[in-house]
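One-letter residues, chain by chain:
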Amino acid sequence: MVHSIVTAGMSRTPSIRRARGAAFMLITGLIALSAGLASAQADTPTWRERLKAARASATPAAPWTTPGTHRVTLPHGGLERHALVHVPAGFRPKAPTALVFAFHGGGGDAAYMADDDRYGLMALAEREHFVLVLPSGYSRFPRGKLATWNAGDCCGDARDRQIDDVGFVRALLTHLGQQLVIDRGRVFAMGMSNGAMMSYRLACEMSDTFRAIAAVAGTEAVASCQPSRPVGILHIHARDDTHVLFNGGAGPDAFGDASKVMDFVSVPTTVSRWVTRQQCAPTPRRTLDVPGAFCDTYSGCADGAEVRLCVTASGGHSWPGAPGSRLGRKPPPSQAISAHEQAWAFFQSQAARPR
């Protein structure tokens, strides 16, 4: 019995040793695997880190002079500001280029202003070979929607929070100057509604930069204006505008919350202010007269600048010449003139005046 037991025990010994060895190897492997997983997890970036890296990669750090639409992110005033910059096909990086800033209306953003069905500016930039800059105003929403401009006494959160939009434009222009060769005699601004008011503010505070502006459906909104140099002024407005009333005041469609806008200055008063500031001849000449629209031009202004008013009989609060239809019961844009075509022709004439 004893022999048998001893023999049996001795015969099991190699199996036990093999089992113990296998268990040891298994435990060692599990420990190594756990260490490897912990190391891999430590090396894997968190979602916040991945989001930060994605945002950084979306901001061009190198010169972007290739044709196309580029997104620019620029820190200013404690905020992350944005703009779209469209470089036309055939762009020559070493040749001085004209720069046109286009400011969206209240409640819009850069992408809205870039829609050719509404404004026709992208196609115009391609045809005329200028660089189009489409900044976005201030928005309290993460995606930047429903943005407004601090144009002085209007509008929305940008005004209420005293956002430094003029400083933002200056910073954006400096950034663009590091990327492009800008023709400093051909820097222009245009805007719709609240964006038109922002253009007027730039004419007051950055007259050393902007050669001319085109304001569509938005009047002057600053309490004080003392331009250091004459600026070409083009104002385009519909008589039946129900937001910014032609003869002054906020119309019934101006804004859901009346405290977010202002008692708008009238179109005649706005034009008269600039005629006086720039020492123009007090009587205009009719430079365009077509069915549904006319333009009056005040000449003889200091340094050859002009002040021009174009009025459409219809179209409401919209961009004349826009091919796209408008939602709801709003009247379609007037087709008597094209706002972007009028603006570009005016800019060209003002660039030609003595510097």
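Everything numeric here is computed off the predicted structure, so don't read it as measured data. (Residues numbered from 1 in each chain as written. Predicted model: local features only at pLDDT ≥ 70, side-chain atom pairs only at ≥ 80, totals over all residues. Heavy atoms only, no water.)

Asker: So what's going on with the packing of helix 6 (residues 165-179) against helix 7 (residues 194-205)? Which residues, and what values?
Answerer: Where helix 6 contacts helix 7, the two axes come as close as 11 Å, and the packing angle between them is 75°. In terms of their interaxial angle, helix 6 and helix 7 are classed as roughly perpendicular. Here Asp165, Val166, Val169 and Arg170 of helix 6 lie close against helix 7, whose contacting residues are Met198, Arg201, Leu202 and Glu205. Looking at the contact of helix 6 with helix 7, its residues break down into 4 nonpolar, no polar and 4 charged. (Axes fitted to C-alpha atoms, helices over the stretch in contact; angles between N-to-C directions. Helix = DSSP H or I, 4+ residues; strand = E, 2+ residues; numbered from the N terminus. Parallel < 35°, antiparallel > 145°, perpendicular 65-115°, else oblique. Contact = heavy atoms within 4.5 Å. Nonpolar A, V, L, I, M, F, W, Y, C, P; charged D, E, K, R; others polar.)

Asker: Can you tell me about the sheet that holds strand 8 (residues 285-290), naming the residues and giving the values?
Answerer: Strand order across the open sheet formed by 10 strands is 1-2-4-3-5-6-7-10-9-8, with mixed pairing between neighbours. Edge positions in the sheet fall to strand 1 (68-76) and strand 8, since each of these pairs with one other strand and no more. Neighbour-to-neighbour, the strand axes of the sheet open up by a mean angle of 15°, direction not taken into account. The sheet contact formed by strand 8 and strand 9 (residues 293-298) spans 5 bridges and is antiparallel. Bridge pairing in strand 9 links Asp289 to Phe294. (Pairing = 2+ DSSP bridges.)

Asker: Give me the lowdown on the environment of Glu128, citing residues and values where you can.
Answerer: For Glu128, the location among the structural elements is in helix 4 (residues 121-128). Taking C-alpha positions, Glu128 is 8.9 Å from Trp344, a pair spaced 216 residues apart along the chain. A distance of 3.3 Å separates the side chain of Glu128 from the side chain of Trp344, its partner in a polar contact. (Polar contact = N/O pair within 3.5 Å; in protein donor to acceptor, adjacent residues only side chain to side chain.)

Asker: Kindly report on the state of the cysteines, identifying the contributing residues and their values.
Answerer: Counted under the stated rule, the structure contains 4 disulfides. Disulfide partner of Cys204: Cys225, at an S-S distance of 2.1 Å. In this structure, the disulfide formed by Cys204 and Cys225 twists by about -105° around the S-S bond and is classed as left-handed. With Cys204 in helix 7 and Cys225 in the loop between strand 6 (212-216) and strand 7 (232-238), this pair connects stretches of sequence that are 21 residues apart. Each of the two residues, Cys204 as well as Cys225, counts as buried. A sulfur-sulfur distance of 2.0 Å marks the disulfide that ties Cys280 to Cys301. What sets the handedness of the Cys280 and Cys301 disulfide is the S-S torsion sign, and at about 110° it is right-handed. Residue Cys280 is found in the loop between helix 8 (267-277) and strand 8, and its partner Cys301 is found in the loop between strand 9 and strand 10 (307-312); the two are separated by 21 residues along the sequence. Each member of the pair, Cys280 together with Cys301, is buried. The connectivity of the disulfide-linked cysteines in the chain, indexed sequentially, is 1-2, 3-4, 5-7, 6-8. (Disulfide = S-S within 2.5 Å. Buried < 20%, exposed > 50% of the residue type's maximum accessible area, 1.4 Å probe, protein only.)

Asker: Mind laying out the pairing of strand 2 (residues 79-87), listing which residues take part and the relevant values?
Answerer: Summarising the sheet, strand 1 and strand 2 pair through 9 bridges and their orientation is antiparallel. Residue Leu74 lies in a different strand from strand 2, and its bridge partner there is Arg81. In this structure, the hairpin formed by strand 1 and strand 2 is closed by a connection of 2 residues, where Gly77 is found at a positive phi of approximately 60°. Strand direction decides the pairing type here: strand 2 and strand 4 (residues 131-135), joined by 4 bridges, are antiparallel. Paired with Ala83 across the two strands is Pro135, which belongs to strand 4.

So yeah, pure geometry; function would need other evidence.
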